[in-house]
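Coordinate analysis (summary)
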Amino acid sequence: MTSTTGPSYAPAPKPKSRRGGRRCRLRSNTSDTDPQSLSTLGYFQTLPLEIFQMVLNYLPVKDISMLSMVSKSISNRLINYISTPSGNRRLLWQDFHNQELPGKREGSCILEHYKSLGLLFKRCTLLLPTKDRLKYMHRILSEVSCFKLIGCPRPLHCLGLQCYGVFLQILTAGWDELECHRVFNFLCELSNLPRKVQIVVSSKPGSARKLELRIRLYCRSVLLNHWIHRSDSAFWLTRILKPWPMVNQARLLYIIFGPVSSLDGHVVWQKMIEGPTDETSLKGLADAIKLLYDTEAREWTADDVISLVDELSVVPREWLMENNARLLILSGNNICFTFMASKAVNGRAMELARLVVFLALVCEKDLYCMDWAVKMMQKVCKVFGTPGERNYFLQCVENAFAHLIMDTLQAVLSGGRDEEDSSFLNLFHLVNAQANFHKEILYLAMRSNSV
């Protein structure tokens, strides 16, 4: 629509619906020239558009976002300004790889800038429906290659995805779930995320290392890391995992939260299989499991989460039992007990007994209170239906301790000189774990007899 003299035509009638045609005129320069629009420009009415935009170049982004709330006409001018080349240069900082620049563009400052930019977009597009807001956002940001899943040549040294993530977090804060579903679908369409996830979860672990890294960075930096409320984090993690079968959910969870190499950032698939690992390697997985188990994650039942943990323990192959035990301890009492109780209910007493032994071993190695392991075993004993089942389970615990100590002793005796120290240290921890475990049982028994 074009016009040479604004006042020569009658103003358009006020639409009845919020989703009507008035939003289309928010981007139209002609609306700045009709009498009703001029009356809402205030003193800016006397400024040519070029001077108005020059003034904006001197305003902080937070002040521009406040200005957008003055009137619809001002907001319309700001939308036009953002779309101009000068507005793009002014607002879209792209120093994503230079995190040591002096002054305002240090790493933390560029993140703060994109938070402010998200607020500006939020306010400028307030009257638009979600679909149009996302289209406008994409039109402005689409040329920034570092905002794309596969766009930056140096993703490990780039703040682009983090900036994109804080921008989206501010833009969508307070939106209802239906709108956030649309946001997720929109991002999936832009990034082709489902197709890329399909490739990595159906391939041999590690065969698409670069793509695994890209998916990890995109999911964490754009969708997960910047939320304040756990319910929001649970919502977005659910969106990522739920479209896939359980076996693929476990693989994807490992890609996003599992251990990575300190050298190149790639996922280390053999970490849980080759030897005992540390808390740092498991903390991300444990935090994600706790997030899904919380009441905020309404789409997950306790059985869903326990099945996911069970499936995770064989990614890419069966983990060492010590790593399983350490993950359960980090996941918290409720998840640990529910996982163990499910084995008791399903008659897997021997497997449960080995788990108790390794829980005690982890408590000994990581300096947790041993009475926690004893109390957890005591609580699990109540799940068994008959005294005979309970007694059988306790006998299995003692047998598991004995067999594991004998196996470790055999490894010490038959191992080479290079292996002797580590095998002996493991035997040392295991014997101490058994001693401290039974000491706590004796304390518990004596306290019960003295009552």
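Small disclaimer: the values here were computed from a predicted structure and weren't measured.

Considerations on the confidence of the model for the chain
With 86% of its residues at a pLDDT of 70 or more, the chain has an overall mean of 88. Overall, residues 1-33 carries pLDDT values under 50, and its contacts beyond four positions in sequence, including any with other chains, amount to 46 contacts. Here residues 101-106 is modelled with pLDDT under 50, and outside its nearest four sequence neighbours on either side it reaches 10 contacts, counting other chains as well.

Quick look at the nonpolar core
Counting residues in each nonpolar core, the largest one holds 139 residues, and the members touching the most others are Phe-96, Tyr-114 and Phe-437. A total of 11 residues in this core trace back to one element, the largest contributor, which is helix 19 (residues 349-366). Ignoring any residue separated from it by four or fewer positions in sequence, one finds Phe-96 in contact with Ile-110, Tyr-114, Val-144, Cys-146, Phe-147, His-157, Cys-158, Leu-159, Gly-160 and Cys-163.

Quick word on unusual backbone geometry
A cis amide bond, omega -5 degrees, links Val-315 with the succeeding residue Pro-316. The backbone of Asn-192 sits at a positive phi, close to 55 degrees, despite the residue not being glycine. For Asn-192, the location among the structural elements is in the loop between helix 9 (177-191) and helix 10 (193-202). Positive phi outside glycine occurs at Leu-367, with the angle close to 65 degrees. Checked against the element boundaries, Leu-367 lands in the loop between helix 19 and helix 20 (370-381). For Leu-367, a relative accessible area of 75% translates into the label exposed.

Points about the environment of Tyr-114
Looking at the secondary structure, you find Tyr-114 in helix 6 (residues 107-124). When the C-alpha atoms of Tyr-114 and Val-61 are compared, they prove to be 9.3 Å apart, with 53 residues separating the residues in sequence. Apart from residues no more than four positions distant in its own chain, Tyr-114 is found in contact with Leu-91, Leu-92, Trp-93, Phe-96, Phe-147, Cys-163, Val-166 and Phe-167.

Topic: helix 15 (residues 279-293)
Here helix 15 contains 15 residues, and its C-alpha end-to-end distance of 20 Å stays within 8% of the 21 Å for a straight helix at 1.5 Å per residue. Of all the residues in helix 15, the buried ones are Ser-281, Leu-282, Leu-285, Ala-286, Ala-288, Ile-289, Leu-291 and Leu-292. Those residues of helix 15 hidden inside the fold are in contact with helix 12 (230-241), helix 13 (246-257), helix 14 (271-274), helix 16 (302-312), helix 17 (321-331) and helix 18 (333-345).

Considerations on the environment of Arg-77
Among the structural elements, Arg-77 can be located in helix 4 (residues 72-83). Its relative accessible area of 6% is what places Arg-77 among the buried residues. Separated by 25 residues in the primary sequence, Arg-77 and Phe-52 have C-alpha atoms spaced 9.0 Å apart.

A few points about the packing of helix 9 against helix 12
For the pair helix 9 and helix 12, the least separation of the axes is 11 Å and the interaxial angle reads 45 degrees. By the angle class used here, helix 9 and helix 12 are oblique. Between helix 9 and helix 12 the crossing geometry is right-handed. The residues of helix 12 that touch helix 9, namely those facing Glu-177, Cys-180, His-181, Val-183 and Phe-184, are Phe-235, Trp-236, Arg-239 and Ile-240.

Examining the packing of helix 19 against helix 20
At a minimum axis separation of 8 Å, helix 19 and helix 20 run at an interaxial angle of 160 degrees. The orientation of helix 19 relative to helix 20 falls into the category roughly antiparallel. In this structure, helix 19 meets helix 20 at a crossing whose hand is right-handed. Two secondary-structure elements touch here, helix 19 through Leu-352, Val-356, Leu-359, Ala-360, Cys-363 and Glu-364 and helix 20 through Met-370, Trp-372, Ala-373, Met-377 and Val-380. Each residue belonging to the contact of helix 19 with helix 20 can be placed in one class, and the counts come to 10 nonpolar, no polar and one charged.

Comments concerning the pattern of salt bridges
If you walk through the whole model with that rule in mind, you get 14 salt bridges. Notably, a salt bridge pairs Arg-209 with Asp-264, separated by 3.7 Å at the nearest N-O pair. Of the two residues, Arg-209 sits in helix 11 (residues 209-224) while Asp-264 sits in the loop between helix 13 and helix 14, which places them 55 residues apart along the sequence.

Focus: the packing of aromatic side chains
By the definition in use, this model includes 13 aromatic pairs. By way of ring pairs, the aromatic residues Phe-96, Tyr-114, Phe-147 and Tyr-164 are connected into one cluster. A cation over an aromatic ring shows up here: Arg-251 above the ring of Trp-269, its NZ or CZ 5.8 Å from the ring centre. Directly above the ring of Phe-337 sits Lys-379, whose terminal nitrogen or CZ lies 4.4 Å from the centroid.

Side note on the side chain of Ser-68
Examined against the element boundaries, Ser-68 turns out to sit in the loop between helix 3 (61-67) and helix 4. Here Ser-68 falls in the buried class, since its relative accessible area comes to 4%. Looking at Ser-68, its side chain comes within polar contact range of the main-chain oxygen of Ser-65, at 2.5 Å. Look past the residues within four positions of Ser-68 in its chain and what remains in contact with it is Ile-74, Ser-75, Leu-78, Arg-123 and Cys-124.

Calculation rules
Residues numbered from 1 in each chain as written. Predicted model: local features only at pLDDT ≥ 70, side-chain atom pairs only at ≥ 80, totals over all residues. Heavy atoms only, no water. pLDDT = per-residue confidence, 0-100. Contact = heavy atoms within 4.5 Å. Core = buried A, V, L, I, M, F, W, Y, C linked by side-chain atoms within 4.5 Å. Buried < 20%, exposed > 50% of the residue type's maximum accessible area, 1.4 Å probe, protein only. Helix = DSSP H or I, 4+ residues; strand = E, 2+ residues; numbered from the N terminus. Expected span 1.5 Å × (residues − 1). Axes fitted to C-alpha atoms, helices over the stretch in contact; angles between N-to-C directions. Parallel < 35°, antiparallel > 145°, perpendicular 65-115°, else oblique. Left-handed = near helix turned anticlockwise from the far one by under 90°. Nonpolar A, V, L, I, M, F, W, Y, C, P; charged D, E, K, R; others polar. Salt bridge = Lys/Arg side-chain N within 4 Å of Asp/Glu carboxyl O. Phe/Tyr/Trp six-rings, centres within 6.5 Å; stacked < 30°, edge-to-face > 60°. Lys NZ or Arg CZ within 6 Å of the ring centre and 35° of its normal. Polar contact = N/O pair within 3.5 Å; in protein donor to acceptor, adjacent residues only side chain to side chain.

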